[in-house]
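Next come the chains, spelled out residue by residue.
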Amino acid sequence: MKVIGKMGPSQKNQNNEQNSPLEFKTLLSKIANDTKIAEGAPAIEDILRCIYRNQPISTKRISQYTKLPLPIISKVRTILERNRILKRDKKGAIYSEEGLKLIEKNLKFKMPYDLKCPTCNGRSICLDDYFVAILKKHKIHSKNRPTVNTSIDQSYATPETATHRAAFMADRGDLEGKRILFVGDDDLTSIPTALSGLCEEVVVMDIDDRLLNLIKNISDKENLNIKTIKHDFRNSIKEEYKNSFDVVFTDPPYTIEGLKLFLARGVEALGKEGALYLAFSHKPINEYLELQKILLNTGFVIYELIPGFNKYEGSEIIGNTTFLARLIGRNLNFNEEIDLNKLYTGEVKPVIRHYKCMNCGELHKIDGKSIRIENLVCKCGGTKFKMIKREKI
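Rules used throughout
Residues numbered from 1 in each chain as written. Predicted model: local features only at pLDDT ≥ 70, side-chain atom pairs only at ≥ 80, totals over all residues. Heavy atoms only, no water. Helix = DSSP H or I, 4+ residues; strand = E, 2+ residues; numbered from the N terminus. Rg over C-alpha atoms; globule rule 2.2 N^0.38 Å. Buried < 20%, exposed > 50% of the residue type's maximum accessible area, 1.4 Å probe, protein only. Contact = heavy atoms within 4.5 Å. Areas by Shrake-Rupley, 256 points an atom, 1.4 Å probe, with all protein chains shown as cover. Lys, Arg positive; Asp, Glu negative; His and termini not counted. Charge placed at Lys NZ, Arg CZ, Asp CG, Glu CD. Pairing = 2+ DSSP bridges. Right-handed = clockwise from strand over helix to strand, strands pointing away. Core = buried A, V, L, I, M, F, W, Y, C linked by side-chain atoms within 4.5 Å. Axes fitted to C-alpha atoms, helices over the stretch in contact; angles between N-to-C directions. Parallel < 35°, antiparallel > 145°, perpendicular 65-115°, else oblique.

Caption draft 1: The overall build of the protein, seen in detail. Of the regular secondary structure elements, the protein holds 13 helices and 12 strands. Taken against the 2.2 N^0.38 rule, which gives 21 Å for 393 residues, the C-alpha radius of gyration of the protein at 23 Å falls within 12% of a compact globule. Across its three principal directions, the C-alpha atoms of the protein cover 75 × 50 × 45 Å. Classification of the 393 residues of the protein by burial places 51% in the buried group. Considering only residue pairs separated by 6 or more positions, the protein has 68% of its internal contacts joining residues 24 or more positions apart. Here the protein displays about 19700 Å² of accessible surface, and carbon together with sulfur accounts for 49% of that area. Counting 63 positive and 50 negative side-chain charges, the protein places the centres of these two groups 8 Å from one another.

So, in structure tokens, the structure goes:
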């Protein structure tokens, strides 16, 4: 792409005055193509609008706002700076004087502020004193979580997210007197859910013994009576648990096959009807369409969906955030084929990541299989690393 930013200031200003909306749209399309954004030019426009309404704003916040991966936002921001549409500021991305005129002329932006609720941050609920007390307890318990296992797409949601999930389910009437199953629970959402004291029964199934032991220990300490069961979801759940639950909560691997697998176990647990809460990553439109087709074919409708509801520790590749959907099922019947060889992100999109030791600067290649970043220790003894490059295998 020809970079406008290499022009002289006077030539740049002249170019801005002469740029037509069509030429500017072409520029956005080129940026989308160069950064390989599946959503195309509209995604670049979303980024520009986000900055317009929230400047100065950090790259991370732009990623969370637009639901685009952090590396993509970083690349787009660099190109926009080279084109002198943006300028760098200590507090984050901000428009240059020329850039501001350019986007107001060509994109017709006029609303330089955001209408999202500053209190609930778009979640649609606020914690009352009761749930704030639960959050305080859960923050303490969450400190004992084991290291994530990235090979099975573990990524821990923040204690605030887990507690807001419980409060959301309570507000929607899905806890009081209900039997609830967690199909996987590396986020420990079962803890604030049980601490609410509203459920008839809370059951957690997971493949990770470390998490199950932690949940059991917390349950015993708090007298929560959470039942923990080790289970590999590649296999059907036991007959005694089929058609036994009113509500299912799951935060599956962020692949279509992973979604189908965890959804299948949820349907087994619910039987013919019930509510299923799904935490899942924001996807390009074509993958959203596939997701919706799977849900409809199974008998679910998306009754509510809140973008950016879930926040995670780390997980920059998904912008540290995913949506929360409340699905209502009637006449449920799961009949999708599942490819068990493409359950996890590393199986669908294998990559080698290059990390730099923050202590000595040594470079390390991580394939996510023989070596995982969470287990990496540098020769110098350093355990903190920064990812500097990703390459597809």
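Once the structure has been displayed, the description carries forward.
Caption draft 2: Seen up close, the pairing of strand 4 (residues 201-206). Where burial is concerned, most of strand 4 is hidden: five out of the six residues are buried. Sheet topology note: the strand 3 (residues 179-183)/strand 4 ladder contains five bridges and is parallel. Paired with Leu181 across the two strands is Val203, which belongs to strand 4. Chirality of the crossover, the property in question, places the unit of strand 3, helix 9 (residues 190-195) and strand 4 among those that are right-handed. As defined by bridge partners, strand 4 adjoins strand 5 (residues 227-230) across four bridges and the pair is classed as parallel. Within the sheet, the bridge partner assigned to Asp206 lies in strand 5 and is Lys230. You can see the chain leave strand 4, run along helix 10 (residues 209-222) and come back into strand 5, and the turn it takes is right-handed.

Caption draft 3: Representation of the nonpolar core. Grouped together as the largest cluster of nonpolar side chains are 74 residues, with contacts concentrated most on Ile180, Leu181, Ile226, Leu276 and Phe300. It is helix 11 (residues 256-270) that contributes the most residues to this core, nine residues altogether. Leu28, Ile57, Ile73 and Val76 belong to the second largest nonpolar core, which has 31 residues in total.

Caption draft 4: Spotlight on the packing of helix 2 (residues 21-34) against helix 3 (residues 41-54). Contact geometry of helix 2 with helix 3 gives a least axis separation of 8 Å together with a crossing angle of 100°. Considered as vectors, helix 2 and helix 3 are oriented roughly perpendicular to each other. Only Ala41, Ile44, Glu45 and Leu48 of helix 3 make contact with helix 2, whose side of the interface consists of Phe24, Lys25, Leu28, Ser29, Ile31 and Ala32.

Caption draft 5: Inspection of the sheet that holds strand 3 at higher detail. One open sheet accounts for seven strands, arranged 5-4-3-6-7-9-8; its pairing is mixed. For this open sheet the edge positions go to strand 5 and strand 8 (300-311), each flanked by a neighbour on one side alone. Between one strand axis and the next, the sheet turns through 15° on average, direction left out of account. Of the pairings in the sheet, the one linking strand 8 to strand 9 (residues 321-329) comprises eight bridges and is antiparallel in character. Bridge pairing in strand 9 places Phe300 opposite Gly329.

Caption draft 6: Examining the environment of Glu23 more closely. Here Glu23 shows up in helix 2. The partly exposed category is assigned to Glu23, whose relative accessible area is 45%.

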